[in-house]
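Remarks on the overall topology
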Amino acid sequence: MAALLPAEWIKNWEKGGKNEFVQLCRALSENKNHDVGFRDIQQALYELAYHVVRGNLKHDQASNVLGDVIEFREDMPSILADVFCILDIETSCLEEKNKRDHFTQLVLACLYLVSDTVLKERLDPETLESLGLIKQSQQFNQKSVKIKTKLFYKQQKFNLLREENEGYAKLIAELGQDLSGNITSDLILENIKSLIGCFNLDPNRVLDIILEVYECRPEYDDFFVPLIESYMYMCEPQTLCHILGFKFKFYQDPSGETPSSLYRVAAVLLQHNLIDLEDLYVHLLPGDNAIIEEHKREIVEAKQIVRKLTMVVLSSEKTEEKEKEKEKEEEKTEKPPDNQKLGLLEALLKIGDWHHAQSIMDQMPPFYSTSHKPIAIALCQLVHVTIEPLYRRVGVPKGAKGSPVSSLPNKRAPKQAESFEELRKEVFNMLCYLGPHLSHDPILFAKVVRLGKAFMKEAGTVKKFVSDRVVKFQSDGSKQEDKEKMETLFSCLLSITDQVLLPSLSLMDCNACMSEELWGMFKTFPYQYRYRLYGQWKNETYNSHPLLVKVKAQTIDRAKYIMKRLTKENVKPSGRQIGKLSHSNPTILFDYILSQIQKYDNLITPVVDSLKYLTSLNYDVLAYCIIEALANPEKERMKHDDTTISSWLQSLASFCGAIFRKYPIELAGLLQYVANQLKAGKSFDLLILKEVVQKMAGIEITEEMTMEQLEAMTGGEQLKAEGGYFGQIRNTKKSSQRLKDALLDHDLALPLCLLMAQQRNGVVFQEGGEKHLKLVGKLYDQCHDTLVQFGGFLASNLSTEDYIKRVPSIDVLCNEFHTPHDAAFFLSRPMYAHHISSKYDELKKAEKGNKQQHKVHKYITSCELVMAPVHEAVISLHLPKVWDDISPQFYATFWSLTMYDLAVPHSSYDREVNKLKVQMKAIDDNQEMPPNKKKKEKERCTALQDKLLEEEKKQLEHVQRVLQRLKLEKDNWLLAKSTKNETITKFLQLCIFPRCIFSAIDAVYCAHFVELVHQQKTPNFSTLLCYDRVFSDIIYTVASCTENEASRYGRFLCCMLETVTRWHSDRVIYEKECGNYPGFLTILRATGFDGGNKADQLDYENFRHVVHKWHYKLTKASVHCLETGEYTHIRNILIVLTKILPWYPKVLNLGQALERRVHKICQEEKEKRPDLYALAMGYSGQLKSRKPFMIPENEFHHKDPPARNAVPATVQNGPGGAGMPTSLAINTVRLEEGTTEETADKLKEKSQGVVKVINKTVNATPKVTTSNGNSASNSKIIKEKDDKEKSGKEKDKEKKDKTPAATPEMKALGKDGKDKPKEERANKDEKAREIKEKTPKSDKEKEKVKKEEKASKEEKSKMVVTIIESKSTAEKEREKEPSRERDLAKEMKSKENAKGGEKVPVAGSLKSPVPRSETSESEREQKRRKVDTHSSPSHSSTVKDNLNELKDSSAKHYINHTTPTLSKSKEREVEKKDLDKSRERSREREKKDEKDRKDRKRDHSNSDREVPQDSTKRRKEENGTTGSSKHSKSESPSDSPRLNEKEKEKNKSKSSGKDKGDSIKAEKMEKSSSGSKKESRHDKEKTEKKEKRDSTGGKEEKKHHKSSDKHR
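Residues numbered from 1 in each chain as written. Predicted model: local features only at pLDDT ≥ 70, side-chain atom pairs only at ≥ 80, totals over all residues. Heavy atoms only, no water.

**What to know about the overall build of the protein chain**
- Per the secondary structure count, the protein chain includes 80 helices and two strands.
- Across the 1608 residues of the protein chain, 55% fall into the buried class.
- Residue pairs in contact within the protein chain that sit at least 24 positions apart in sequence constitute 79% of those at least 6 positions apart.
- Total accessible area computed for the protein chain in this model is approximately 71500 Å², and 51% of it derives from carbon and sulfur atoms. (Helix = DSSP H or I, 4+ residues; strand = E, 2+ residues; numbered from the N terminus. Buried < 20%, exposed > 50% of the residue type's maximum accessible area, 1.4 Å probe, protein only. Contact = heavy atoms within 4.5 Å. Areas by Shrake-Rupley, 256 points an atom, 1.4 Å probe, with all protein chains shown as cover.)

Set out below in structure tokens:
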């Protein structure tokens, strides 16, 4: 440390050193930093004195300067004494005596500055003696020892010496007197002081006695507290705390029990801050560490109890041990050790000292203190007091008085809450410390809940924004601050609910009232908040506290006990037990119950019935638990085989439906869950929605509906309810209303529909990737069925306004929401019906005309008003080309009508009415029924009956109006700007196929609609073509269906077959319903031509042939599907076959063929695929039962035996008639082919817009065309077109009205290479057709003859090239076939190889191995054989949907189209040569045909009439008899031996378009029987025939080509 006193100052002391020193001391004493100044002054004085001791400065100089300095500070003398003390010690140790002398002199000189008492304190006795301050040092020492002993070590025996007991007696009397008068604490204090003085009382004892008296007189707080406070001014502050601590210590013996009065006194003193909590806390036992240890031990014990409860107990001994342990535990809990900290805490709470109580609680583990009942109750009481004013204001229910709670007497207690904001400050905090132990005070629980309810009400409108899960409160004119306060309060309320209310409910002993009270508050929360609270309660709360851990285990234990014993018989008692258990711990109970339901689905019914004793809160919790179970991420939604939905999910869904229907549970959460799953692209959970809608609304979607039920479903709502569903759906009014409200309140109705509609394709394209095909089909069906069911629910339950407000227009649905068209119309359909009916009602009210005509007119007007915008809207749904064939009006009409609009199910109405009559009779006959009940039941039945009859009448009027409307509309329906065939294609593709697989009723509707369009005599609609396309090749359609779609498709075919069978069954019906209808025209003419020619209609017998062909086609397709081995093909065809069983198979041989194939499936699939085996066995059994109703083929359609005469006899039943539809079909095929380029383009566009694979079936022919579009033939077609245009457009104009009818015969001839010279036949046929179709105007005849001559020339010229071209093209076509049609090629091989009789139904008869040597037979013989070919069903099978034939025909067309490539010069030469011949022939032919026509007209009405040979031939040729024979080889599944002969003939006259597979197989067969020579001969014959036929075909084709252009 640097010296403060420099040596220069000492040397020049008198000059300036003294002054410097004084200034230094002044400066130091003025230093603001007290400590630093003090030390520096000490140092300065010490250095000065030290210079004196060393002799550098004289003692008088020093004493003078010290005299000046001493005034600077008050404590300067003391500092100086300290310096002397240090120097005294230092100098006494030194040997130099002079220094000691200097020191003594200095002290003597300064005696006037420092008092001698201070010096006596600080200096040694020896020094004091030398200074003369004391006489003898030794004596001084002895005296000081004696004083110290007396002061510190001698006991003062007050009682024995000076204290007098009388003083204490007087003190007690003073304190115990009546304090009610004017006695104040000050007065008593003076008396106490006097007593202490007079009787020498010990003040500490006096204080102790004051406390004792206070303990005994706790009511006098106002007196004792000020007294003690005043008394404490005379004592040391710690005294009171020590005395209290000493008192507490006295009771700390193991057996001691601290009196509550002492706790109270301590609490009051703490509250008045007379002692500090920290000071007193250390005196209390047990220590904090011990408390923490105890808490941990409790948790461990709770867990052990849980473990023991969940253990499987094997023997009775273990249970006994368990009981003993329980008893021990109970004993432990009965005698808790005395815990002084908790006692003090309780006292603090009782007097309302929340501040100190809180700090004690904070020192302990959470909820440790409140787990002691007295403390919990004390805290509850404090809360009661605090919330009293607010509760009185807002919480007391109307009409309830309630017992008011008086406030605490002391003013330091927490302030009572007047508003919710004040509630938050203190009360919520108190409740958080209470936690689950609020259960000790149910009344307070109820009060808190009611306050919560009142707050939610006061908070105003609770607007919930589900998207961000924020609850926003708004009050009128509220500022932002208020809103924030409300939100804060709401979050506090939620916290209290989570941490206090729900855990407390768990600890309450089955208090149903509390549960209901809590629900009163909960129902004001949005379900998102409720579910979150339940989630916390279930998954977290129970682990937070040892008591709750125990409760959880006990609940599960009890739940197991109940569930083990639950059966249908004891539902009521078990239900009561479940209810009792659920009031307190619903989450745990339901979690266990649901886990059991997922394992055992037979528990569902008893559990649902047993849950009737639940509270509203419990039902809500149940809904949450169900959703949580459904969303369980650990559970697999598929079974291990990956083909079916897991049984746990199915059980839960079924339980959902039952529980939500039976009890009033909120549905919003569940519906939102399903919507969220759909948004995420998961469709498994649709099962839940399906079940819920089915059970709650009574709308079930099942494929197992009987036809009676389906029929009932086409009636009104009442009929549907009575006869349409399996279950009774009388009691669904309330539940369906709840479902509707939930959907509308949460805006889920439309989103769910749209999500389902989109998800249908999502199932296939997004979900379907790795999944098994069977499962994808199931999910698709489930999605679709749920959509249909849900849409049906909305349509029947939503009001018109609600529905229209929610469902957007059709174009928005399809284009913006990407809803598939079928689903979009399904959703919009009820809207149109609502719209039309409301408009109709308006118009009726406007004008009161009662005439039926007026009504119909109004109805039609309202339809136009409503549907006009729809017609506009649908145009955007498809490409513009679509609307060339069908009008938007037709499209919209088809999609907007239902079965309800088309027909009245009279039989269903009658059936239900009769049922009711029977019921009424039974009620009358019932003797046991009480009369009043009888009356009620009869009234119910009568009312129902009246309703049904009224409904029937109403529907009848409606149907009549609709039919009137359709009659007016029908002329604008089908535009047929391209071809009728194309129109049918569009109709099937865009209307029939998508809708017939939409629902069972839609399937029936489609069939009815087709019939209706036919009955309305709709222009441009070919009924024959439509039916033909539907029946001809169902393979693709069947293969592309899901299981339920197959069932619906089967229903559709069944209804179509029903109609056909009805027409087939009776000539009268046929003549009446089809005879002269435009749908049964077999020759398609240019529009505007008179179509009333009877000869163009298909007659009855030929129709029967056609029906047989259709049956045959169905058999062929069925056998194909059954043989593929593909799961989907086999399953679907079996489903379809089961559905069409009433009408197919009717023909015995077809039935036998099917039966063999199905039998084989049964054998093959028994072990491999049991579901297919079951289906096949089911069908097989039903098929056998139908066998007696099957008829031989010749009864089904007329079959002639081979004629022995040269001229065939009855043509009516002959092949000429039989082939008619064929010519019609061929004709349309050709019409299409004529416009190949257009068709190809159209197809491409169409194929893009196709929704389903159905197209494959619908559009078979055009497809082939497209596939060949790149081949050489395409260019030839174009050339051909150019040539035509060059050759003159005038001809086209002339021909437009006259020639189109010539085309079918040309085609027939092209196929029919017959015995006559080809050219001659062709020309004769043309002429004949011309004559037949000439218009009455004779002036056009000449022109016609000229034109015909030119045409014939052209044809001849083309003949030569055709022969060469046809060979090469035919070969090419054959090569292409396999790649185009892999499936079918395989199938044909398997079917047509004659390996085994049973493998294919056609085996025995199809390919007779007879050598072809008979080709040289006479022409007449050939003709005769040919006539007989109708006995094979194949004669009419040329209709284009059969794909093999398609290929062939398309090949032919292309061959034919090559002709125009010939050079013009060659054409002219050939034309000149043949011109003359052709003229002669045509004249002869004209004469003959004129004659024929007359005969035919004469004999038309006679069914057994005979027709001359020529006309027979012509008819045959028109209808393509021979063309039909080309398939006989591969198609006849009959086994009649007679066919063998015919087969030989047919094989000879086989047409060129035979597919490759067939020809190869034919050759193989021949090889096996008759060696190579015959084979080569056969080949030659074949090629010769081909050449001839192709040449004729080529000529005909060109002419046809032109005519079809004109036709278009």
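**Digging into unusual backbone geometry**
- Omega for the bond connecting Leu-285 with Pro-286 falls within 30 degrees of zero, at -10 degrees, which places this linkage in the cis form.
- The linkage connecting Tyr-1144 with the following residue, Pro-1145, adopts the cis geometry, with an omega of -5 degrees.
- Non-glycine residue Lys-1017 carries a positive phi angle of around 55 degrees.
- Relative to the helices and strands, Lys-1017 resides in the loop between helix H51 (1000-1015) and helix H52 (1023-1032).
- Relative accessible area serves as the criterion here: at 36%, Lys-1017 is assigned to the partly exposed category.

**Re the nonpolar core**
- Counting residues in each nonpolar core, the largest one holds 317 residues, and the members touching the most others are Leu-344, Phe-655, Leu-752, Tyr-1049 and Phe-1052.
- Among the elements that make up this core, the one with the highest residue count is helix H32 (residues 616-630) (eleven residues).
- Those residues in contact with Leu-344 that lie beyond four places of it in its chain are Tyr-263, Ala-266, Ala-267, Leu-270, Leu-277, Leu-280, Leu-284 and Ile-360.
- In this structure, Phe-21, Leu-45, Leu-80 and Leu-131 belong to the second largest nonpolar core, which totals 41 residues. (Core = buried A, V, L, I, M, F, W, Y, C linked by side-chain atoms within 4.5 Å.)

**Regarding the side chain of His-958**
- When you line up the elements, His-958 lands in helix H49 (residues 931-969).
- Beyond its immediate stretch of four places on either side in the chain, His-958 contacts Tyr-859, Tyr-900 and Asp-901.

**Brief notes about the packing of aromatic side chains**
- Applying the stated criterion across every chain yields a total of 49 aromatic pairs.
- On the basis of an interplanar angle of 90 degrees and a centroid distance of 5.7 Å, the ring pair of Tyr-840 and Tyr-859 is categorised as edge-to-face. Here Tyr-840 is found in helix H43 (residues 821-846), whereas its partner Tyr-859 is found in helix H44 (residues 852-874), with 19 residues between them in sequence.
- Note on Tyr-859: relative accessible area 5%, which makes it buried.
- Ring geometry for Tyr-1027 and Trp-1063: centres 5.7 Å apart, planes at 70 degrees, overall edge-to-face. With Tyr-1027 in helix H52 and Trp-1063 in helix H54 (residues 1043-1065), this residue pair connects regions lying 36 residues apart in the sequence.
- Tyr-1027 sits in the buried class, given a relative accessible area of 1%.
- Judged by its relative accessible area of 0%, Trp-1063 falls in the buried class.
- Here a set of aromatic residues connected by ring pairs shows up, and it is made of Phe-825, Trp-883, Phe-890, Tyr-891, Phe-894, Trp-895, Trp-973, Phe-987, Tyr-1005, Phe-1009 and Phe-1021.
- A cation over an aromatic ring shows up here: Arg-565 above the ring of Tyr-561, its NZ or CZ 3.8 Å from the ring centre. (Phe/Tyr/Trp six-rings, centres within 6.5 Å; stacked < 30°, edge-to-face > 60°. Lys NZ or Arg CZ within 6 Å of the ring centre and 35° of its normal.)

**A word on the packing of helix H29 (residues 571-582) against helix H30 (residues 586-599)**
- Two elements in contact, H29 and H30, have axes whose closest approach is 8 Å; the angle formed by their N-to-C orientations is 135 degrees. Relative to H30, H29 is oriented oblique. Here H29 contributes Ile-578, Leu-581 and Ser-582 to the contact with H30, which in turn contributes Pro-586, Leu-589, Phe-590 and Ile-593.
- Taken together, the residues of the contact of H29 with H30 sort by class into six nonpolar, one polar and no charged. (Axes fitted to C-alpha atoms, helices over the stretch in contact; angles between N-to-C directions. Parallel < 35°, antiparallel > 145°, perpendicular 65-115°, else oblique. Nonpolar A, V, L, I, M, F, W, Y, C, P; charged D, E, K, R; others polar.)

**Observations concerning the pattern of salt bridges**
- In this structure the tally under the stated criterion is 50 salt bridges.
- Between Arg-911 and Glu-711 there is a salt bridge, and its shortest N-O distance comes to 3.2 Å. With Arg-911 in helix H48 (residues 906-925) and Glu-711 in helix H36 (residues 707-713), this pair connects stretches of sequence that are 200 residues apart.
- For Glu-1155, the salt bridge goes to Lys-1187, with nearest N and O atoms at 2.9 Å. Residue Glu-1155 is found in helix H58 (residues 1148-1168), and its partner Lys-1187 is found in the loop between helix H59 (1170-1186) and helix H60 (1193-1196); the two are separated by 32 residues along the sequence.
- Accessibility expressed as a relative area gives 14% for Glu-1155, which makes it buried.
- Classification of Lys-1187 as partly exposed rests on a relative accessible area of 32%.
- One salt-bridge network, held together by shared partners, links Asp-208, Glu-212, Glu-215 and Lys-247. (Salt bridge = Lys/Arg side-chain N within 4 Å of Asp/Glu carboxyl O.)

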